[in-house]
Amino acid sequence: MSLISLLIALLSERYLTNKWWHFNTYYKQYSQLALKDDTAGSNTKSAIMMVLILLLPTLLCYFLLEQLGNGFLYLVASTITLIVCFGCSHTRDTYKRYLVAAFKGETTTCDLIHQEFLQNKQLPQMGFGQALVWLNYRYFIAVMLFFVVFGAPGAVFYRLLTSINERCVTQKDTKEITQEFKQEVTSETTEAVTSENIASVTEEEQRPEVCISSKILFVADWLPVRIIALGYMLVGHFSKAVPVWLANLFDINMPSSEVLISVAQKSEDIMIETEDCSAEPCTLVRLAKRTLLLCLAFISILILTGVL
């Protein structure tokens, strides 16, 4: 039944635009109750609270599905849960905005959208296409893997973990950061936008629970990222990417995003012109889609043969 849920969720996720189909709708309500603006308390207390915050919805989902048995209602409930956990409408809308600006030749707008996107997703400095590769893994492939291995509760757990990790307290609101960045760019039109420009605008301060969630997420992503990186090699230039994959295979300190992105970069030839902002993201998004289809095909074989 997990294969049926996967196929239905992947086909319907794009077309279900109502807010009640989006994970962030429920996460915002939950975070208002569970993640209050509470700076007091020890790190040990924060760690315990983080575990409880993650386990509560996961266990609730598990017990509710157990009551439904393994029949049709279980299939419907699991599929709905997976659809809600899949994707991110904000990321898709940002990608569309970026492409519109790129096709109009508005490089400054592209840079602004790019930096605002990295800020919102709490990502280190990387290309726009590289960020999309990583978020394709985070919002689709990883959720799919956790669903197949651990069921719908596993998908809820991973998606909740990533959402908490993205929730970060900064010294300034994102809108204020964006406004200052706009003023900086417009005041110096001849100056190229660099990572140093953005770093000078603000310095982030993460909450204790976000730091804890980052550690848990690193452990959860360590093995899946290396497996998916192998998929990128299989759908791209295997011979070019395999040295990078082998070099990072047993590295326990390298961030998961860097492992995946470094392999993805080597798996595809990217011809970038100076004024073309769309080449890199479009090329890497196509590569990510091929990898997603490969993962789906491989999972289907494992399910049909009875391995999963």
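Think of each chain on its own: its residues are numbered from 1, step by step along the sequence as written. Totals for whole chains, interfaces and linings use all residues, but because this is a predicted model, local features are given only for residues with pLDDT of at least 70 and pairs of side-chain atoms are given and counted only at 80 or more. By convention in this description, side-chain values take in all heavy atoms of the structure and omit both hydrogens and water.

K.L.:
Can you walk me through the overall build of the chain in this structure?
P.N.:
A helix here means a DSSP run of H or I that spans at least four residues, while a strand means a run of E at least two residues long, and both kinds are numbered starting from the N terminus. Each helix and strand counted, the chain has 14 helices and 0 strands in total. From first element to last, N terminus to C terminus, the chain shows the α and β order α-α-α-α-α-α-α-α-α-α-α-α-α-α. A simple rule labels every residue: compare its accessible area, found with a 1.4 Å probe on the protein chains alone, to the largest value its type can have, and call it buried under 20%, exposed over 50%, or partly exposed in between. Among the 308 residues that make up the chain, the fraction classed as buried is 48%. Whether two residues are in contact is decided by their heavy atoms: any pair within 4.5 Å suffices. Sequence separation of 24 or more characterises 76% of the internal contacts of the chain that already satisfy a separation of 6 or more. Within the structure as shown, the chain displays about 16,400 Å² of accessible surface, and the carbon and sulfur contribution to it stands at 62%. Per-residue and other accessible areas follow the Shrake-Rupley method at a 1.4 Å probe size, with only the shown protein chains counted as cover for residues.

K.L.:
Sorry, what's going on with a nonpolar patch on the surface here?
P.N.:
A cluster of nonpolar side chains, contributed by Val51, Leu55, Leu59, Tyr62 and Phe63, occupies part of the molecular surface with about 440 Å² of accessible area. One can find Leu55 in helix H3 (residues 43-68). Put simply, a patch holds well-exposed residues, over 30% relative accessible area, that have no salt bridge, with like charges counted together within 9 Å and Val, Leu, Ile, Met, Phe, Trp or Tyr side chains within 5 Å. What counts as a salt bridge is simple: a side-chain nitrogen of Lys or Arg found within 4 Å of a carboxyl oxygen of Asp or Glu.

K.L.:
Hey, could you run me through the side chain of Ser278 in this one?
P.N.:
Along the polypeptide, Ser278 turns up in the loop between helix H13 (256-266) and helix H14 (279-304). Taking the relative accessible area as the measure of exposure, Ser278 reaches 10% and is therefore buried. Residues in contact with Ser278, not counting those within four places in the same chain, are Leu99, Ala102 and Phe103.

K.L.:
I tried to follow the layout of surface pockets on my own but got confused; where do I start?
P.N.:
The probe, sized like a water molecule, is rolled over the atoms to show the empty space still left. In this analysis, the protein atoms alone were mapped onto a 1 Å grid. Cavities are point sets where a 1.4 Å probe fits without being able to get out; pockets are open sets with protein on both sides within 12 Å along at least five of seven lines; lining residues have an atom within 4 Å of a point. Grid points are joined across faces, edges and corners, and a volume is the space filled by probe spheres set on the points. Approximately 700 Å³ is the volume attributed to the second largest pocket. As for the second largest pocket, its lining consists of 24 residues, of which Arg14, Arg92, Asn136, Phe140 and Lys289 are closest to the centre. Contributing elements (two or more residues each) for the lining of the second largest pocket: helix H1 (2-12), helix H5 (89-103), helix H7 (128-150) and H14. Top contributing element to the lining of the second largest pocket by residue count: H14, with 6 residues.

K.L.:
Honestly, unusual backbone geometry in this entry has me stumped. Any pointers?
P.N.:
Backbone phi values are negative for most residues with the exception of glycine, while trans is the configuration of most peptide bonds. Residues other than glycine seldom take positive phi values, yet Gln122 does so here, at roughly 55°. Within the fold, Gln122 resides in the loop between helix H6 (107-120) and H7.

K.L.:
Explain the side chain of Ser256 to me, please; I cannot follow it from the model alone.
P.N.:
Looking at the element boundaries, Ser256 is found in helix H13. Ser256 sits in the buried class, given a relative accessible area of 6%.

K.L.:
I would appreciate a short explanation of the packing of H1 against H7 in the present structure.
P.N.:
Between two packed helices, both the angle of their axes relative to each other and the distance between the axes serve to describe the pair. Contact geometry for H1 and H7: axes closest at 10 Å, N-to-C directions at 160°. Comparing the axis directions of H1 and H7 gives the class roughly antiparallel. Crossing angle aside, the handedness with which H1 passes H7 is right-handed. Along the contact surface, H1 presents Ser2, Ser5, Leu6 and Leu10, while H7 presents Phe140, Met144, Phe147 and Val148. Three categories are distinguished: nonpolar for Ala, Val, Leu, Ile, Met, Phe, Trp, Tyr, Cys and Pro, charged for Asp, Glu, Lys and Arg, and polar for the others, with Gly belonging to the last. Here the contact of H1 with H7 is composed, by residue class, of 6 nonpolar, 2 polar and no charged. Helix axes are fitted to C-alpha atoms over the stretch in contact, other axes to C-alpha atoms as well, and angles between N-to-C directions run from 0 to 180 degrees. In these notes the angle categories are as follows: under 35 degrees is roughly parallel, over 145 is roughly antiparallel, 65 to 115 is roughly perpendicular, and the rest is oblique. By the definition used in this description, the sense in which the near helix is turned from the far one sets the handedness, with an anticlockwise turn below a right angle giving left-handed and a clockwise turn giving right-handed.

K.L.:
Help me understand the packing of H5 against H6, please; the structure alone is not making it clear to me.
P.N.:
It is at 9 Å that the axes of H5 and H6 come closest, and there the two elements cross at 165°. Between H5 and H6, the crossing angle belongs to the class labelled roughly antiparallel. By crossing handedness, the relation of H5 to H6 is classed as left-handed. For the pair H5 and H6, the contacting residues are His90, Thr91, Thr94, Arg97, Tyr98, Ala101 and Ala102 in the first and Thr109, Cys110, Ile113, His114, Glu116, Phe117 and Asn120 in the second. Here the contact of H5 with H6 is built from residues that sort into 6 nonpolar, 6 polar and 2 charged.

K.L.:
Even after reading the chapter, I still don't get the nonpolar core, so can you show me in this structure?
P.N.:
It is characteristic of soluble globular proteins that their nonpolar side chains tend to be buried jointly. Working definition of a nonpolar core: buried Ala, Val, Leu, Ile, Met, Phe, Trp, Tyr and Cys residues. They are joined through side-chain atoms within 4.5 Å. Counting residues in hydrophobic clusters, the biggest one holds 81 residues, and the most contacted among them are Leu6, Tyr137, Tyr232 and Leu260. Broken down by element, the residue count for this core peaks at 16 residues, all from H7. Sequence-distant contacts of Tyr137, that is, excluding residues within four places in its chain, are made with Ala142, Val143, Tyr158, Asp221, Pro224, Val225, Ile228 and Leu260.

K.L.:
How do you make sense of the packing of aromatic side chains when you look at a structure like this?
P.N.:
Note on aromatic pairs: each is described by the distance of the centres and the angle between the planes. For Phe, Tyr and Trp, rings pair up if their centres lie within 6.5 Å, where Trp contributes its six-membered ring, and each pair is then called stacked (planes under 30 degrees apart), edge-to-face (over 60) or tilted (otherwise). Taken as a whole, this structure holds 10 aromatic pairs when the rule is applied. Seen in terms of ring centroids, Trp20 and Tyr26 are 6.1 Å apart; in terms of plane orientation they differ by 55°. Their pairing is tilted. Seen from their ring centres, Tyr62 and Phe63 are 5.4 Å apart, and the 70° between their planes marks the pair as edge-to-face. Linked through ring pairs, Tyr95, Tyr98, Phe117 and Phe128 together constitute an aromatic cluster. Criterion for a charge above a ring: Arg CZ or Lys NZ at most 6 Å from the ring centre, at most 35 degrees from the ring normal. Positioned over the ring face of Trp222 is Arg226, at 4.1 Å from the centre of the ring.

K.L.:
Which parts of the structure should I look at to understand the environment of Gly129?
P.N.:
The residue Gly129 is located in helix H7 in this model. Its relative accessible area of 0% is what places Gly129 among the buried residues. Through-space distance from the C-alpha of Gly129 to that of Pro281 is 3.5 Å; in sequence the pair is 152 residues apart. Here Gly129 is in contact with Glu280, Pro281 and Leu284, once residues within four sequence places are set aside.

K.L.:
Help me understand helix H4 (residues 72-85) in this model?
P.N.:
Working note: α-helix, 3.6 residues per turn, so residues spaced by three or four point in the same direction. Under the 1.5 Å per step criterion, the end-to-end length of H4 is 20 Å for 14 residues, consistent within 8% with the ideal 20 Å. Turning to H4, its buried residues number three or more, namely Leu75, Ala77, Ser78, Thr79, Thr81, Leu82, Ile83, Val84 and Cys85. Directly after H4, the chain includes Gly87, whose backbone phi takes a positive value near 65°. Helix span is expected to be 1.5 Å times the residue number reduced by one.

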